[in-house]
Amino acid sequence: MFEVFSRSYYLGRLYVTPTDGDRALMHDAQHERINEEVYATGDGLERLDTPLVMKLESQHFPVHGAADVPTNTLALPESMLDGTEIRNPPSLREVFLARRERARQLLAFAGGWRAEGPGSPDDDLPSAGT
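Here the structure is a predicted model, which means the values were calculated and not measured.

Visitor: Even after reading the chapter, I still don't get the overall build of the protein chain, so can you show me in this structure?
Guide: Along the protein chain, the regular secondary structure elements total three helices and eight strands. Moving toward the C terminus, one meets the helices and strands of the protein chain in the order β-β-β-α-β-β-β-α-β-α-β. Split into buried and exposed, the 130 residues of the protein chain put 42% on the buried side. Within the protein chain, residue pairs in contact and separated by at least 24 positions form 74% of the contacts whose partners lie at least 6 positions apart. Total accessible area computed for the protein chain in this model is approximately 7,200 Å², and 48% of it derives from carbon and sulfur atoms.

Visitor: Help me out: how do you make sense of the packing of aromatic side chains in this one?
Guide: When we look at a pair of aromatic rings, we describe it by the centre distance and by the angle of the planes. Applying the stated criterion to the full structure yields two aromatic pairs. Ring geometry for F5 against F96: centres 4.9 Å apart, planes inclined by 70°, an arrangement best described as edge-to-face. In this pair, F5 sits in the loop between β1 (2-4) and β2 (9-19) while F96 sits in strand β7 (residues 91-98), placing the two residues 91 residues apart along the sequence. Residue classification places F5 among the partly exposed residues on the basis of a relative accessible area of 48%. Members of the aromatic cluster, connected to one another through ring pairs, are F5, Y9 and F96.

Visitor: Help me understand the pattern of salt bridges, please; the structure alone is not making it clear to me.
Guide: Working definition: two side chains of opposite charge can pair if their charged atoms are close together. Scanning the entire structure with this criterion turns up one salt bridge. For E101, the salt bridge goes to R100, with nearest N and O atoms at 4.0 Å.

Visitor: How should the confidence of the model for the protein chain be read in this particular structure?
Guide: When pLDDT drops low, the exact placement of atoms in the prediction is not to be read closely. With 79% of its residues at a pLDDT of 70 or more, the protein chain shows a mean pLDDT of 81. Scored below 50 in pLDDT, residues 112-127 shows 37 contacts in the model against residues more than four places distant or in partner chains.

Visitor: I would appreciate a short explanation of the nonpolar core in the present structure.
Guide: Nonpolar side chains tend to gather and get buried jointly when the protein is soluble and globular. Of all hydrophobic cores here, the largest spans 29 residues; its most connected members are M54, F61, L74, L76 and L97. Looking at this core, the element that brings in the most residues is β2, giving five residues. Aside from chain neighbours lying at most four places away, what touches L74 is L14, Y15, V16, T17, A24, L25, M54, F61, V63 and V95.

Visitor: What am I meant to see in helix α1 (residues 28-38) here?
Guide: Because each turn of an α-helix spans 3.6 residues, side chains separated by three or four positions end up pointing in the same direction. Taken together, the buried positions of α1 are occupied by Q30, H31, I34, N35 and V38. For α1, the buried positions fall inside an angular range of 130° around the axis, keeping them on one side.

Visitor: Would you mind showing me how to read unusual backbone geometry here?
Guide: Most peptide bonds are trans, and most residues other than glycine sit at a negative phi. Cis geometry is adopted by the peptide bond preceding P90, which originates at P89 and carries an omega value of 0°. With respect to the secondary-structure elements, P90 resides in the loop between α2 (78-81) and β7. In this structure, N72 is a non-glycine residue whose phi angle is positive, near 60°. Its relative accessible area of 34% is what places N72 among the partly exposed residues.

Parameters at a glance
- Residues numbered from 1 in each chain as written.
- Predicted model: local features only at pLDDT ≥ 70, side-chain atom pairs only at ≥ 80, totals over all residues.
- Heavy atoms only, no water.
- Helix = DSSP H or I, 4+ residues; strand = E, 2+ residues; numbered from the N terminus.
- Buried < 20%, exposed > 50% of the residue type's maximum accessible area, 1.4 Å probe, protein only.
- Contact = heavy atoms within 4.5 Å.
- Areas by Shrake-Rupley, 256 points an atom, 1.4 Å probe, with all protein chains shown as cover.
- Phe/Tyr/Trp six-rings, centres within 6.5 Å; stacked < 30°, edge-to-face > 60°.
- Salt bridge = Lys/Arg side-chain N within 4 Å of Asp/Glu carboxyl O.
- pLDDT = per-residue confidence, 0-100.
- Core = buried A, V, L, I, M, F, W, Y, C linked by side-chain atoms within 4.5 Å.
- Arc of directions from axis to C-beta.

Here it is in structure tokens:
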């Protein structure tokens, strides 16, 4: 689903569709699997509900899991879609997924990263969600 794009991001393609909610969502099982592959360190028990950080066009946002979202779909609140070039959803779009360290930086600004403490390993995974 996602492949390495740069040192900070993976690149993937998801169907982008509107949601009535107030936060970005994707299928919960897919969210958990990507979370485990990208953000988990592999040391002990870890939470797999940390928001994924994605970027669509110029917007960064946290993405949470939800059972009612179809697989391979990114459901965005209408207010977030207003600032995009998407005119006829659902629309297949390129989406960036922030790698572990980049996500940590972005969520720290928003106050949403759950710190694991000193010495957390860098993100060196070759792919995510494949």
